[in-house]
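# Chains, contacts and geometry: an overview
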Amino acid sequence: MTAAQIAMTELGTWPDLVSGPPRCAVGHAFGAAGHDLVHFHSDDCADLYLTSSAVQRLLPQLRRASAIRVHPGASWITVLLECDTDVHLLLSLVSVALKEHGEHACPSPPCDWERPRAS
């Protein structure tokens, strides 16, 4: 079983999360309160919507983790999933995301995989 599969199995047991297809239609997602929180686009990483304020607040710690990819000004981060430690890091950050969204209920912006809608 891949690290992503282990993470998805664990997240599937969390009562506050709903499993299903992501808005971007690529891979699998877990969401809460009507918006996506975690996207699994491949077997080796997960994208997590933390909110831009949480990313900014946690930026020094996020930059120290070799499994985290953060883009300047982003509200989504990428967690590379190669081992159990990475899975535990992702699960911890999902807990942070749930708390953040509980306090600031706001819809998630599109992830990097979501194509802009034609106008």
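Overview of the structure. Just so we're clear, the structure is a prediction, and the values are computed from it rather than from any experiment.

Now for the overall build of the chain. Within the chain, the secondary structure is distributed over 3 helices and 6 strands. Secondary structure elements in the chain, listed N-terminal to C-terminal, are α-β-β-β-β-α-β-β-α. Per-residue burial for the chain yields a buried fraction of 45% across its 119 residues. Summarising the internal contacts of the chain: among those between residues at least 6 apart in sequence, 55% fall at separations of at least 24. Surface summary for the chain: the accessible area is close to 6600 Å², and the carbon and sulfur share equals 55%.

Let us now look at the sheet that holds strand S1 (residues 18–20). An order of S1-S2-S3-S4-S6-S5 is seen for the 6 strands of this open sheet, with the pairing classed as antiparallel. Sheet topology places S1 and strand S5 (68–70) at the edges, where each strand pairs with a single neighbour. Neighbour to neighbour, the strand axes of the sheet diverge by 20° on average, direction disregarded. Relative to strand S2 (residues 28–32), S1 runs antiparallel, the two sharing 3 bridges. Across the sheet, serine 19 pairs through a bridge with phenylalanine 30, a residue of S2. In the packing of helix H1 (residues 3–11) onto the sheet, the strands contacted are S2 and strand S3 (35–42), and the crossing angle to S3 comes to about 155°. Sheet strands in contact with helix H2 (residues 52–64) are S5 and strand S6 (76–80), and its direction is about 135° off that of S5.

This next bit is on the pattern of salt bridges. Per the counting criterion, the structure on display carries 1 salt bridge. One salt bridge in this structure joins glutamate 100 and arginine 57, with 3.1 Å as the shortest N-O distance. Within this pair, whereas glutamate 100 is found in helix H3 (residues 84–103), its partner arginine 57 is found in helix H2, the two being separated by 43 residues in sequence.

Moving on, we get to unusual backbone geometry. Its identity is not glycine, yet threonine 51 carries a phi of approximately 90°, on the positive side. Position of threonine 51 relative to the elements: it lies in the loop between strand S4 (45–49) and H2. In this structure threonine 51 comes out as buried when scored by relative accessible area, which is 5%.

Here is what the cut-offs are and how they apply
- Residues numbered from 1 in each chain as written.
- Predicted model: local features only at pLDDT ≥ 70, side-chain atom pairs only at ≥ 80, totals over all residues.
- Heavy atoms only, no water.
- Helix = DSSP H or I, 4+ residues; strand = E, 2+ residues; numbered from the N terminus.
- Buried < 20%, exposed > 50% of the residue type's maximum accessible area, 1.4 Å probe, protein only.
- Contact = heavy atoms within 4.5 Å.
- Areas by Shrake-Rupley, 256 points an atom, 1.4 Å probe, with all protein chains shown as cover.
- Pairing = 2+ DSSP bridges.
- Axes fitted to C-alpha atoms, helices over the stretch in contact; angles between N-to-C directions.
- Salt bridge = Lys/Arg side-chain N within 4 Å of Asp/Glu carboxyl O.

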